[in-house]
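Spelled out from the first residue to the last, the chains are:
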Amino acid sequence: GTSTMSVAVKFCGITTVEDAIQAVDLGCSAIGLNFYEHSRRLVPLKTADEIVRSIDGTVKTVAVFVDPRVEEVVNVVEEVGVDFLQFHGHEPAAFCEQFQVPFVKAASVTEGFDFEEFSVKYHRAQALMLDSFRGLERGGTGRTFDWALWPKYVKQRIILAGGLDATNVAQAIKQTNPWAVDVASGIEKDGGPAKDAQKMEAFMSEVRRVAA
């Protein structure tokens, strides 16, 4: 349908043209392409380029990095051309801002996380992402963080990530009222990184149900 949802959905870790087209058909707002070398969702530049061409601007494309070198990011920007960059490591604000591409900055939320400090530091970000933290994996771990830690008064757009799937996304949205939700492992076939069309569809219908 054409009704706009009040919560945007990003399907992250897309690795094939087929999964990308399916994601778009199911109504997501954005897809994430992972360029972190330690991720099982890593996508080669050539494939990423094919994916971006295949969806032809119908949804936003996001390139995901963890503490990359400058030239890695420049390569993706030049070769693939994405709408947003997403930084998931310890990148300083100046690093994120230098590419002249709108960016999202992710943070791992643990007890004592200082959201205010984070939001001031990255005030130029298009959105901030709050994710759960599990060592080297950097997201995509299928675990949630304590949503009670969600900041109460927020001016920026915030994306909720970490352990979301069709069983808990409605509750997560009710509790945090995010600008967008991000899902990777929650829409994958067992073992990933291939996506499961039924899981994607179930996730979307839960978001629509609660956002209506």
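Since the structure is predicted, the reported quantities are computational estimates derived from the model, not experimental observations.

> Lay out the overall build of the protein chain in plain terms, naming residues and giving numbers.
Counting secondary structure elements, the protein chain contains seven helices and eight strands. The globule rule puts the C-alpha radius of gyration for 212 residues at 17 Å, and the 16 Å found for the protein chain is close to it. Based on the C-alpha atoms only, the size of the protein chain along its principal axes is roughly 40 × 40 × 30 Å. Look at the contacts in the protein chain between residues 6 or more apart in sequence, and 54% of them connect residues 24 or more apart. Carbon and sulfur atoms form 48% of the exposed surface of the protein chain, whose accessible area is close to 10400 Å². The distance from the centre of the 22 positive side-chain charges to the centre of the 29 negative ones in the protein chain is 4 Å.

> So what's going on with the packing of aromatic side chains? Which residues, and what values?
Summed over all chains, the structure comprises eleven aromatic pairs. With 6.2 Å between their ring centres and 65° between their planes, Phe11 and Phe203 make a pair best called edge-to-face. Of this pair, Phe11 sits in strand β1 (residues 8–11) while Phe203 sits in helix α7 (residues 197–211), and the two are 192 residues apart along the sequence. As far as the burial class goes, Phe11 and Phe203 line up, both buried. For the ring pair Phe95 and Phe99, a centre distance of 5.4 Å and an interplane angle of 75° mean the geometry is edge-to-face.

> Hey, could you go over the pattern of salt bridges for me, with residue numbers and the actual values?
Using the criterion set out here, one finds eleven salt bridges in the structure. A salt bridge links Asp49 to Arg53; its shortest N-O distance comes to 2.9 Å. Separated by four residues within a single helix, Asp49 and Arg53 lie in helix α2 (residues 45–55), roughly one turn from each other. A relative accessible area of 18% means that Asp49 is categorised as buried. You can call Arg53 exposed: its relative accessible area is 61%. Between Arg69 and Glu72 there is a salt bridge, and its shortest N-O distance comes to 3.2 Å. It is possible to trace a salt-bridge network through shared partners that takes in Arg40, Arg41, Glu188 and Lys195.

> Describe in detail the nonpolar core, supporting the description with residues and values.
By size, the foremost hydrophobic cluster in this structure holds 59 residues, and its most contacted members are Phe11, Ile31, Leu85, Val181 and Phe203. Here this core gets six residues from one element, more than from any other, and that element is α7. Excluding its chain neighbours within four sequence positions, the residues that come into contact with Ile31 are Lys10, Phe11, Ile14, Ala20, Ala23, Ile51, Ile55, Val59, Lys60, Thr61 and Val62. Core analysis: the second largest hydrophobic core is formed by eight residues, Val104, Met129, Ile159 and Ala161 among them.

> Mind laying out the layout of surface pockets, listing which residues take part and the relevant values?
Computed from the structure, the second largest pocket encloses a volume of approximately 240 Å³. If you trace the second largest pocket, you find 16 residues lining it, with Ala30, Lys60, Phe84, Ile159 and Trp179 closest to the centre. For the lining of the second largest pocket, the secondary structure elements donating two or more residues are β1, β3 (60–65) and β4 (84–87). Counting residues per element, the lining of the second largest pocket draws most heavily on β1, at three residues. Residue composition of the lining of the second largest pocket, grouped by class: ten nonpolar, three polar and three charged.

> I'd like a rundown of the packing of helix α6 (residues 169–176) against α7, residues and numbers included.
The geometry of α6 relative to α7 is characterised by a closest axis approach of 8 Å and an angle of 35° between their N-to-C directions. By crossing handedness, the relation of α6 to α7 is classed as right-handed. Contacts between α6 and α7 involve Val169, Ala170, Ile173 and Lys174 from the former and Phe203, Glu206, Val207, Arg209 and Val210 from the latter. Of the residues that constitute the contact of α6 with α7, the class distribution is six nonpolar, no polar and three charged.

So, how was this worked out
- Residues numbered from 1 in each chain as written.
- Predicted model: local features only at pLDDT ≥ 70, side-chain atom pairs only at ≥ 80, totals over all residues.
- Heavy atoms only, no water.
- Helix = DSSP H or I, 4+ residues; strand = E, 2+ residues; numbered from the N terminus.
- Rg over C-alpha atoms; globule rule 2.2 N^0.38 Å.
- Contact = heavy atoms within 4.5 Å.
- Areas by Shrake-Rupley, 256 points an atom, 1.4 Å probe, with all protein chains shown as cover.
- Lys, Arg positive; Asp, Glu negative; His and termini not counted.
- Charge placed at Lys NZ, Arg CZ, Asp CG, Glu CD.
- Phe/Tyr/Trp six-rings, centres within 6.5 Å; stacked < 30°, edge-to-face > 60°.
- Buried < 20%, exposed > 50% of the residue type's maximum accessible area, 1.4 Å probe, protein only.
- Salt bridge = Lys/Arg side-chain N within 4 Å of Asp/Glu carboxyl O.
- Core = buried A, V, L, I, M, F, W, Y, C linked by side-chain atoms within 4.5 Å.
- 1 Å grid on protein atoms, 1.4 Å probe; cavity = no way out; pocket = protein on both sides within 12 Å on 5 of 7 lines; lining within 4 Å.
- Points joined across faces, edges and corners; volume = space filled by probe spheres on them.
- Nonpolar A, V, L, I, M, F, W, Y, C, P; charged D, E, K, R; others polar.
- Axes fitted to C-alpha atoms, helices over the stretch in contact; angles between N-to-C directions.
- Left-handed = near helix turned anticlockwise from the far one by under 90°.

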